[in-house]
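Spelled out from the first residue to the last, the chains are:
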Amino acid sequence: MEKSKWSGLVSTRAVEGEPYNPFVNYDFLAALELSGCATAHTGWLGQHLLLESTAGELLGALPCYIKSHSQGEYVFDHGWADAFERAGGSYYPKLQASIPFTPATGPRLLCANESQGAPVRSALAQGLRTLTERLSLSSAHVTFIPDAQTEYFSAAGYLMRNDQQFHFINDGYGSYGDFLSTLASRKRKALKRERRVALENDISIDWLTGADLTEAAWDSFYAFYMDTGSRKWGRPYLNREFFSRVSETMADDILLIMARRGTHYVAGAINFVGSDTLYGRHWGCVEDHPFLHFEVCYHQAIDFAISRGLRTVEAGAQGEHKLSRGYMPVTTHSAHHITHAGLRNAVADYLEHERDDVERIGRLLRQHGPFRKG
């Protein structure tokens, strides 16, 4: 796909009510593929779905991959795969319409002209089903769909799935202190102490973006990423080349929050900046300091969002520990087309119960948030 054509689907700023999402930017997807992180060799064979007019004009697209496993998706279907294969089926390969290694909600049904938005998005949702069947694949999965696009998949007969993340919502705060003032007294005192302790031992914080993202900074961050990633999940998904490539083309959309002890960086987190959202992605460290993870990943992200007037901070997948730090439960959505009738029926029954559980747990968590009651 040519960059010029894809870029016609994704503005680099908010337009017509559609916020800019950096993960559907051509440069982000290209960095993943050209660096070798998302390729056939790693189990992510690009199979992007394009909708063109009879004159060859690109009307819409859906980022999509043929997958030979279920790693790096953050919406878990391993149980479905195991059950189907024990019954004699072949779950892999499958289609995965998502952004590799990125559990962030964003547009999946991309459209060049919003005046044609509804028919284009409907055609793409149906087209993914058709592609699944033409390729004789077991299933297609569309993950982290924004609320406004779920209707197209539901209307096309997909099974809908809900999950939960924790997001910070900037309610017009002028400072972190304004946010703290909305918390219960005990929670407010705990966060003040946590932030104070995190910066002991001669720790200071730098925000690096744009021209400040030097190769030396990336070398430091990559050492943190590899150390923590290798211990956490065995083999980190992203290589060093990816960070150089994405920095070269998207530096203004990237924020590195780096913790420095004296003159040396000891920890850091990478974030991507949309028009209304800060997306926290990866963290790592080479020294352990109390509460430093929370400071770098959550508190500093709130500071940055407030300073930039961003509405939301998405701090990645899972993590009920985020609740006490002002990140509240938010429902996320995915859609699933399963070709085998027996498996589809079993999954549909499972998802019905799972949706009830997600809703119930979300209600309970919201009741235990850190904010003042009344």
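Structure's up top.
Bear in mind that the values here come from a model prediction, so they are computed numbers and not experimental data.

About the thresholds
Residues numbered from 1 in each chain as written. Predicted model: local features only at pLDDT ≥ 70, side-chain atom pairs only at ≥ 80, totals over all residues. Heavy atoms only, no water. Helix = DSSP H or I, 4+ residues; strand = E, 2+ residues; numbered from the N terminus. Rg over C-alpha atoms; globule rule 2.2 N^0.38 Å. Buried < 20%, exposed > 50% of the residue type's maximum accessible area, 1.4 Å probe, protein only. Contact = heavy atoms within 4.5 Å. Areas by Shrake-Rupley, 256 points an atom, 1.4 Å probe, with all protein chains shown as cover. Lys, Arg positive; Asp, Glu negative; His and termini not counted. Charge placed at Lys NZ, Arg CZ, Asp CG, Glu CD. Pairing = 2+ DSSP bridges. Axes fitted to C-alpha atoms, helices over the stretch in contact; angles between N-to-C directions. Salt bridge = Lys/Arg side-chain N within 4 Å of Asp/Glu carboxyl O. Expected span 1.5 Å × (residues − 1). Left-handed = near helix turned anticlockwise from the far one by under 90°. Nonpolar A, V, L, I, M, F, W, Y, C, P; charged D, E, K, R; others polar. Polar contact = N/O pair within 3.5 Å; in protein donor to acceptor, adjacent residues only side chain to side chain. Core = buried A, V, L, I, M, F, W, Y, C linked by side-chain atoms within 4.5 Å.

An account of the overall build of the chain is requested, with residue identities and associated values reported.
Counting its regular elements, the chain contains 11 helices and 14 strands. On C-alpha atoms alone, the chain measures out to a radius of gyration of 21 Å, which is about the 21 Å that the 2.2 N^0.38 rule sets for 374 residues. Overall, the chain is about 60 × 45 × 45 Å in size when its C-alpha atoms are taken along their principal axes. Looking at the chain as a whole, 53% of its 374 residues are labelled buried. Look at the contacts in the chain between residues 6 or more apart in sequence, and 74% of them connect residues 24 or more apart. With the model as given, the accessible surface of the chain reaches about 16500 Å², and the carbon-plus-sulfur share is 50%. Side-chain charges in the chain split into 38 positive and 43 negative, and the spacing between the mean points of these groups amounts to 6 Å.

Talk me through the sheet that holds strand 12 (residues 277-285); I want residue IDs and the actual numbers.
One open sheet holds the 11 strands; their spatial order is 1-4-5-7-14-8-13-12-11-10-9, and the pairing between them is mixed. The strands lining the two open edges of the sheet, one partner per strand, are strand 1 (44-46) and strand 9 (203-208). Shown here is a sheet whose adjacent strand axes are inclined to one another by a mean of 30°, direction ignored. Across 3 bridges, the pairing between strand 12 and strand 13 (residues 312-317) is parallel. Note that in strand 13 the partner of Thr 277 across the bridge is Thr 312.

Now, about the pattern of salt bridges: what can you tell me, with residues and values included?
Evaluation of the coordinates by the stated rule reveals 16 salt bridges. For Glu 354, the salt bridge identified is with Arg 161, shortest N-O distance 2.8 Å. In this pair, Glu 354 is assigned in helix 11 (residues 341-367) and Arg 161 in strand 8 (residues 159-169), connecting sequence segments 193 residues apart. Residue Glu 354 shares its accessibility class with Arg 161, and that shared class is buried. We note a salt bridge from Glu 194 to Arg 325, for which the minimum N-O separation is 2.7 Å. Pair noted here: Glu 194 is in helix 7 (residues 185-198) and Arg 325 is in the loop between strand 13 and strand 14 (328-338), with a separation of 131 residues, a long-range link. For the pair Glu 194 and Arg 325, a shared accessibility class is recorded, and that class is buried. Sharing partners across several salt bridges, the network here consists of Lys 67, Glu 73, Asp 77 and Lys 94.

I'd love a proper account of helix 7, names of residues and values included.
When the terminal C-alpha atoms of helix 7 are compared, their 20 Å separation across 14 residues agrees well with the 20 Å that a helix rising 1.5 Å per residue should span. At its buried positions, helix 7 is contacted by helix 6 (176-180), strand 9 and helix 10 (292-308).

If you had to explain unusual backbone geometry to someone new, which residues and values would you point to?
Of all residues except glycine, most have a negative phi; of all peptide bonds, most are trans. Between Tyr 92 and Pro 93 the backbone carries a cis peptide bond, its omega angle lying at 5°. Tracing the sequence through the fold places Pro 93 in the loop between helix 3 (78-86) and strand 5 (94-97). With a phi close to 75°, Tyr 74 is a non-glycine residue in the positive phi region. Turning to its location among the elements, Tyr 74 is positioned in the loop between strand 4 (65-67) and helix 3.

Let's hear about the packing of helix 7 against helix 10: which residues, and what values?
With their axes 10 Å apart at the nearest point, helix 7 and helix 10 run at an angle of 115° to one another. Seen from above, helix 7 lies across helix 10 with left-handed handedness. Contact residues: helix 7 offers Leu 191, Glu 194, Arg 195 and Ala 198, while helix 10 offers Leu 292, Phe 294, Glu 295, His 299, Gln 300 and Asp 303. In the contact of helix 7 with helix 10, the residues fall into 4 nonpolar, 2 polar and 4 charged.

Go over the side chain of Thr 277 with me, naming the residues and quoting the values.
Note on placement: Thr 277 falls in strand 12. A distance of 2.9 Å separates the side chain of Thr 277 from the side chain of Asp 276, its partner in a polar contact. Every residue in contact with Thr 277, bar those within four places of it in the chain, is listed here: Phe 272, Leu 310, Thr 312 and Glu 314.

Please provide a residue-by-residue account of the sheet that holds strand 2 (residues 49-52), values included.
Ordered in space as 2-3-6, the 3 strands form an open sheet in which the pairing is antiparallel. If you trace the sheet from one side to the other, it starts and ends with strand 2 and strand 6 (110-111), each paired once. Sheet topology note: the strand 2/strand 3 (residues 58-62) ladder contains 4 bridges and is antiparallel. Pairing of Leu 51 across the sheet is with Gly 60, part of strand 3. Contacts between helix 4 (residues 117-134) and the sheet are confined to strand 2, strand 3 and strand 6, with strand 2 contributing the most and set at about 135° to the helix.

Tell me about the nonpolar core, and name the residues and values.
Nonpolar side chains in soluble globular proteins tend to be buried together. Counting residues in hydrophobic clusters, the biggest one holds 44 residues, and the most contacted among them are Phe 28, Phe 221, Phe 242 and Phe 243. Those elements giving two or more residues to this core turn out to be helix 2 (26-34), strand 3, helix 8 (215-233), helix 9 (240-250), strand 10 (254-261) and strand 11 (264-273). Sort the elements by how many residues they give to this core and helix 8 lands first, with 6 residues. Ignoring sequence-local partners within four residues, the contact set of Phe 243 consists of Trp 218, Phe 221, Tyr 222, Tyr 225, Leu 238 and Ile 270. Counting residues in hydrophobic clusters, the runner-up holds 37 residues, among them Phe 166, Leu 255, Val 296 and Ile 302.

Everything listed here is a matter of coordinates, which is why it stays silent on function.
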